[in-house]
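Okay, here's what each chain looks like letter by letter:
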Amino acid sequence: MSSHASDEARVIPLRPVPAAPAKPEEPAPKEPLWRDVVGDVLRRERLAQERTLKDVADAARISMPYLSELERGRKEASSEVLAAAAHALGLGLADLLALAHGRLARPAQPVRSRPLTSQPLRSGSRTAPRRTEARSRLGDIRLAA
């Protein structure tokens, strides 16, 4: 009796074949742009102090339309302009950067979707609080920013 060998070639796969097609991975959350984060911090601080765009722009010696574009994240500001805007709000540049860092450290939430409230300054802030006067439904109130 003779043995008949198969004429078919035997194929050995180099990689294991997946049993089921792999699920497409969800894209990583997009990191916010620096100008959006800084602009959001500037706007929140200004609104928390109940100050107008014109008031802060005049104090910072920058134009009101330019400050508006900074707050909306439309313009990239130089460090000098950021420092001037921060000082006009009673903050140091380090305070502004610390607040922006606090926003970036929480990437799970989009920057623009948070309610417009002020975040307190760090306890070791180098700048003295700036006193501003604001009117409310309850009368005159003195705020320490």
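Reading the values: rules and limits
Residues numbered from 1 in each chain as written. Predicted model: local features only at pLDDT ≥ 70, side-chain atom pairs only at ≥ 80, totals over all residues. Heavy atoms only, no water. 1 Å grid on protein atoms, 1.4 Å probe; cavity = no way out; pocket = protein on both sides within 12 Å on 5 of 7 lines; lining within 4 Å. Points joined across faces, edges and corners; volume = space filled by probe spheres on them. Helix = DSSP H or I, 4+ residues; strand = E, 2+ residues; numbered from the N terminus. Nonpolar A, V, L, I, M, F, W, Y, C, P; charged D, E, K, R; others polar. Salt bridge = Lys/Arg side-chain N within 4 Å of Asp/Glu carboxyl O. Buried < 20%, exposed > 50% of the residue type's maximum accessible area, 1.4 Å probe, protein only. Core = buried A, V, L, I, M, F, W, Y, C linked by side-chain atoms within 4.5 Å. Contact = heavy atoms within 4.5 Å. Axes fitted to C-alpha atoms, helices over the stretch in contact; angles between N-to-C directions. Parallel < 35°, antiparallel > 145°, perpendicular 65-115°, else oblique.

**Student:** Can you tell me about empty space enclosed by the protein, naming the residues and giving the values?
**Tutor:** Following the criterion strictly, the structure yields two cavities of 30 Å³ or more and no others. Quantified by volume, the largest cavity comes out at close to 60 Å³. Taken together, Trp34, Arg35, Val38, Gly39, Leu42, Leu70, Lys75, Glu76, Ala77 and Leu82 make up the lining of the largest cavity. In terms of residue count, the dominant contributor to the lining of the largest cavity is helix 1 (residues 34-48) (five residues). Taken together, the residues that form the lining of the largest cavity break down as six nonpolar, one polar and three charged.

**Student:** I'd like to hear about the pattern of salt bridges, residue by residue, with values.
**Tutor:** Going through the model one piece at a time under the given rule, you end up with eight salt bridges. Glutamate 76 serves as the salt-bridge partner of arginine 35, at 3.5 Å between the closest nitrogen and oxygen. Of the two residues, arginine 35 sits in helix 1 while glutamate 76 sits in the loop between helix 3 (64-71) and helix 4 (79-88), which places them 41 residues apart along the sequence. Classification of arginine 35 as partly exposed rests on a relative accessible area of 28%. We note a salt bridge from arginine 44 to aspartate 40, for which the minimum N-O separation is 2.9 Å. In this pair, arginine 44 and aspartate 40 both sit in helix 1, four residues apart, roughly one turn of the helix. The same class applies to arginine 44 as to aspartate 40, namely buried. Connected via shared salt-bridge partners are Asp40, Arg44 and Arg103.

**Student:** I'd love a proper account of the nonpolar core, names of residues and values included.
**Tutor:** Core analysis: the largest hydrophobic core is formed by 21 residues, its most contacted members being Val38, Leu42, Ile62, Leu67 and Leu96. Secondary structure elements with two or more residues in this core: helix 1, helix 2 (53-60), helix 3, helix 4 and helix 5 (93-104). In terms of residue count, helix 4 provides more of this core than any other element does, five residues in total. Setting aside its immediate chain neighbours within four residues, leucine 42 contacts Glu71, Leu82, Ala85, Leu89 and Leu96.

**Student:** I'd like a rundown of the packing of helix 2 against helix 3, residues and numbers included.
**Tutor:** Contact geometry of helix 2 with helix 3 gives a least axis separation of 9 Å together with a crossing angle of 105°. In terms of orientation, helix 2 lies roughly perpendicular with respect to helix 3. Residue-level contacts link Leu53, Lys54, Val56 and Ala57 of helix 2 to Met64, Leu67, Ser68 and Glu71 of helix 3. Here the residues of the contact of helix 2 with helix 3 are counted per class, giving five nonpolar, one polar and two charged.

**Student:** Explain helix 4 residue by residue, including any values.
**Tutor:** Within helix 4, the full set of buried residues consists of Val81, Leu82, Ala83, Ala85, Ala86 and Ala88. On its buried face, helix 4 is in contact with helix 1, helix 2, helix 3 and helix 5. Note on helix 4: the residue one or two positions beyond its end, glycine 90, has a positive phi of about 80°.

**Student:** Give a description of the environment of valine 37 that names residues and reports values.
**Tutor:** Relative to the elements of secondary structure, valine 37 occurs in helix 1. With 66 residues separating them in the primary sequence, valine 37 and arginine 103 have C-alpha atoms 7.0 Å apart.

**Student:** Provide a residue-level description of unusual backbone geometry, including the pertinent values.
**Tutor:** Unusually for a residue other than glycine, glutamate 50 sits at a positive phi of about 55°. By the secondary structure assignment, glutamate 50 is in the loop between helix 1 and helix 2. Of note in the backbone geometry, arginine 61 takes a positive phi value of approximately 60° without being a glycine. Relative to the helices and strands, arginine 61 is located in the loop between helix 2 and helix 3.

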